[in-house]
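# Summary of the model geometry
In case you want the letters, here they are:
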Amino acid sequence: MKILVTGATGYVGQNFIPKLLQIFPELEILTVNLSVEEANTLFPFQQCKHISTQEMAFIQDFNPHLVYHLATLSTSRNDEAIIHPMLQANIEFGVKLLHHLSFCSNLQLFVNIGSFAEYNQGTQKISNSYLYSATKSAFRQFVEYYAVLSGYKAIHLVPYSLYGGKDTAKKIIDYIRESFDSETPVKMSKGEQILDFTHVQDLVFFFLLIIKQLDRFLLFPVGEEFHIGTGTGTSIRDLAKKMEKVFGKQCNADWGGIPYRPLDTMYAVAPIEKNIKLLNWKTAISLDEGLEMYKEAHIKTIRTIPPELL
């Protein structure tokens, strides 16, 4: 099987590609990247070929069976300066990708990644919290148009508050950890948001499930949606309390030092009933277990730093 992955050098991609090859070493993988050099450094595997975003014509020669579209520009900004790069990354690049895929006769399934911030008012309908999530919602229309046009299936995956694994950017969990050793209080919002903190490995497990049960996923209609989370909500303040117990340290946070954004997501917990009913699948890593894994990974990172730099 041939698999195409965009955004391989990002957070999810760096956790996904090694596990993908560990479980399915016979696969052929093509990644599309802003930096081929970075991709070659991260994934110097013989099963992988890496091309730049300027070489997408090669996609037709590769002719993938399955596509994981992970590439995105994720930011809380909504100023004028971010509009062009965000539209370029989250819509223009994706539509060009879909155009090239429309000539691929092998393509069976396109896996698109959405955002829980598309559901500010609940999962019954799309109601965006941020400009970023609005671009993700807009791109869905192009995904479904090209899928119907070209005769392959497409699904949307919605991950919830990812953490853990090999990280590439700070998340709320990282700011809380850093506050343990901070001399001055770290500015936070009031921390009342109830979120579904989901270990990135569980999203990777779902990616692998798609391959293992591809025939089942091909039975779903174009645009079928799966929410990837634990189904349990935890407020940011309660997350901090859990982390205090795990690390044995006190959080030094200025709760309320940062105001909420105008349409901030205050409640985002994955509805997981469909995953259980249709796929007999649910996440494997609880928040308590995930925090222990997070702590151990952080300790290992500290241990690898030369003593003179500590």
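Our subject is the structure that appears above.
One structure accompanies this document, and this report is about it. Because the structure is a prediction, the values reported are computed rather than measured.

We now examine the layout of surface pockets. In this model, the second largest pocket occupies a volume close to 330 Å³. As for the second largest pocket, its lining consists of 15 residues, and the residues nearest its centre are Gly165, Asp167, Tyr294, Ala297 and His298. Looking at which element gives the most residues to the lining of the second largest pocket, the answer is helix α11 (residues 287-303), with five residues. Counted by class, the lining of the second largest pocket contains four nonpolar, seven polar and four charged residues.

The full count for this structure, using the stated rule, is 14 aromatic pairs. Seen from their ring centres, phenylalanine 180 and phenylalanine 247 are 5.5 Å apart, and the 50° between their planes marks the pair as tilted. Here phenylalanine 180, found in the loop between α6 (172-179) and β8 (186-188), pairs with phenylalanine 247, found in helix α9 (residues 236-247); they are 67 residues apart in sequence, far enough to count as distant. Geometrically, the ring pair formed by phenylalanine 217 and phenylalanine 226 is edge-to-face, given 5.7 Å between the ring centres and 65° between the ring planes. Against the face of tyrosine 11 rests lysine 171, its NZ or CZ located 3.5 Å from the ring centre. The cationic tip of lysine 274 hangs over the ring face of phenylalanine 226; the distance from NZ or CZ to the ring centre is 5.4 Å.

Let us now look at the side chain of asparagine 90. Looking at the element boundaries, asparagine 90 is found in helix α4 (residues 80-101). At 3.3 Å, the side chain of asparagine 90 and the side chain of threonine 72 are in polar contact. Sequence-distant contacts of asparagine 90, that is, excluding residues within four places in its chain, are made with Thr72, Leu73, Tyr132, Thr135 and Phe139.

What follows is about the sheet that holds strand β12 (residues 234-235). In sheet architecture, strand pairing relies on hydrogen bonds along the backbone and comes in two forms, parallel and antiparallel. An order of β12-β9-β14 is seen for the three strands of this open sheet, with the pairing classed as mixed. One side of each edge strand has no neighbouring strand; the edge strands of this open sheet are β12 and β14 (267-268). Summarising the sheet, strand β9 (residues 194-195) and β12 pair through two bridges and their orientation is antiparallel. Across the sheet, leucine 195 pairs through a bridge with threonine 234, a residue of β12.

Turning our eyes to something else, we now look at the pairing of strand β3 (residues 48-52). Counting buried positions along β3 yields four of five residues, so the element is predominantly enclosed. The pairing of strand β2 (residues 28-33) with β3 spans five bridges and is parallel. When the bridges of β3 are listed, valine 32 appears paired with isoleucine 51. Taken together, β2, helix α2 (residues 36-42) and β3 constitute a β-α-β crossover, and its handedness is right-handed.

Basis of the calculations
Residues numbered from 1 in each chain as written. Predicted model: local features only at pLDDT ≥ 70, side-chain atom pairs only at ≥ 80, totals over all residues. Heavy atoms only, no water. 1 Å grid on protein atoms, 1.4 Å probe; cavity = no way out; pocket = protein on both sides within 12 Å on 5 of 7 lines; lining within 4 Å. Points joined across faces, edges and corners; volume = space filled by probe spheres on them. Helix = DSSP H or I, 4+ residues; strand = E, 2+ residues; numbered from the N terminus. Nonpolar A, V, L, I, M, F, W, Y, C, P; charged D, E, K, R; others polar. Phe/Tyr/Trp six-rings, centres within 6.5 Å; stacked < 30°, edge-to-face > 60°. Lys NZ or Arg CZ within 6 Å of the ring centre and 35° of its normal. Polar contact = N/O pair within 3.5 Å; in protein donor to acceptor, adjacent residues only side chain to side chain. Contact = heavy atoms within 4.5 Å. Pairing = 2+ DSSP bridges. Buried < 20%, exposed > 50% of the residue type's maximum accessible area, 1.4 Å probe, protein only. Right-handed = clockwise from strand over helix to strand, strands pointing away.

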